[in-house]
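Structural overview
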Amino acid sequence: MMRSAVTRLARRNFGFAGTPITVASDWDAAATQAIATARTHVDAINGKNRDPLRTLRRLDAVSVVLCSVLDPAALCVAAHDCDDWRAAAAGAAARVEAVMEELNADAALAAAAAACAAATSLPPSARQLADAFHSEFSRDAGVAPARALERQA
């Protein structure tokens with residue numbers, strides 16, 4: 001019973017950026033769009049503007065856009081009753097995961113996350129997000145964690 005409910009939900013509610021995924025081949029287009037959007041944000045992060053809050057928002061946007069394909073794709077792979085849909089969702093997820101792994105190991109993004117974590121001007125809610133991003137990049141890209149003392153400068 002639960003599996004059929006999840007399958008019905010999956011058939012109706014998959015979508016990316018407001019565009020519903022109505023046929024299995026739409027998964028590839030969703031992955032392509034998510035990857036392109038993420039790379040646009042990465043290019044902006046690596047640009048000249050180093051405002052910590054703006055950089056933090058763009059780092060979050062990269063995560064959101066990639067997960068907007070990964071999360072529903074995982075649901076589709078786990079619950080959809082059609083082999084074609086599961087295969088298409090798995091392929092899209094694999095492409096997006098590869099980009100996510102590449103970006104997690106990117107030294108420039110790790111440096112941007114470290115700069116956000118070291119910033120003294122962030123509001124408390126942004127501070128938590130900055131610390132979380134920096135911690136994740138520290139694990140994935142081998143960047144030393146920022147110390148609280150660095151923020152007090």
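First, a word on scope: everything that follows refers to the structure included in this document. (Residues numbered from 1 in each chain as written. Predicted model: local features only at pLDDT ≥ 70, side-chain atom pairs only at ≥ 80, totals over all residues. Heavy atoms only, no water.)

**With respect to the packing of helix α3 (residues 52-79) against helix α5 (residues 107-118)**
What counts here: As a rule, the C-alpha atoms of each element are fitted with a line to give its axis, helices using only the stretch in contact, and angles between N-to-C directions run from 0 to 180 degrees. Elements are defined by DSSP. Helices are runs of H or I of four residues or more, strands are runs of E of two residues or more, and each kind is numbered from the N terminus. By definition in this entry, angles of less than 35 degrees are roughly parallel, angles greater than 145 are roughly antiparallel, angles of 65 to 115 are roughly perpendicular, and the rest are oblique. Each crossing gets its hand from how the near helix is turned against the far one by less than a right angle, where anticlockwise is left-handed and clockwise is right-handed. Only heavy atoms matter for contacts: two residues are in contact if any of them lie within 4.5 Å across the pair.
Where α3 meets α5, the axes come as close as 9 Å, and the angle between the chain directions of the two elements is 130°. Classed by the angle they form, the pair α3 and α5 counts as oblique. Where α3 crosses over α5, the handedness of that crossing is left-handed. Contacts between α3 and α5 involve Pro-52, Thr-55, Leu-56 and Leu-59 on the former and, on the latter, Leu-109, Ala-112, Ala-113 and Cys-116.

**So, the packing of helix α2 (residues 26-45) against helix α4 (residues 83-104)**
The condition is simple: Residues are grouped as follows: Ala, Val, Leu, Ile, Met, Phe, Trp, Tyr, Cys and Pro are nonpolar; Asp, Glu, Lys and Arg are charged; all remaining types, including Gly, are polar.
Between α2 and α4, whose axes approach to 8 Å, the crossing angle comes to 15°. The angle between α2 and α4 places the two elements in the roughly parallel class. Taken as a pair, α2 and α4 cross one another with a handedness that is right-handed. Contacts between α2 and α4 involve Trp-27, Asp-28, Ala-31, Thr-32, Ile-35, Arg-39 and Val-42 from the first element and Trp-85, Ala-88, Ala-89, Ala-92, Arg-95, Val-96, Val-99, Glu-102 and Leu-103 from the second. In terms of residue class, the contact of α2 with α4 is built from 11 nonpolar, 1 polar and 4 charged.

**Let's talk about α4**
Put simply, the test is: Every helix has an expected span of 1.5 Å times one less than the residues it contains. Only protein chains enter the accessibility calculation, which uses a 1.4 Å probe; a residue whose area is less than 20% of its type maximum is buried, one above 50% is exposed, and one in between is partly exposed. The directions considered for the arc run from the helix axis to the C-beta atoms.
In a regular helix each residue adds 1.5 Å, so 22 residues correspond to 32 Å; α4 covers 31 Å between its end C-alpha atoms and thus fits that length. Those residues of α4 that sit buried are Trp-85, Ala-89, Ala-92, Ala-93, Val-96, Val-99, Leu-103 and Asn-104. Looking straight down α4, one finds its buried side chains confined to an arc of 135°; they lie on one side. Across α4 from its buried face, at more than 90 degrees, point the exposed residues Asp-83, Asp-84 and Glu-101.

**Let's talk about α5**
As a reminder of what qualifies: What qualifies as a polar contact is a pair of N or O atoms within 3.5 Å, subject to a donor-acceptor requirement within protein and to the restriction that residues adjacent in sequence count only when both atoms come from side chains.
The end-to-end C-alpha distance of α5, which contains 12 residues, comes to 16 Å, matching closely the 16 Å that a straight helix rising 1.5 Å per residue would cover. The N-capping residue of α5, defined by a side-chain oxygen 2.9 Å from the backbone nitrogen of Ala-108, is Asp-106.

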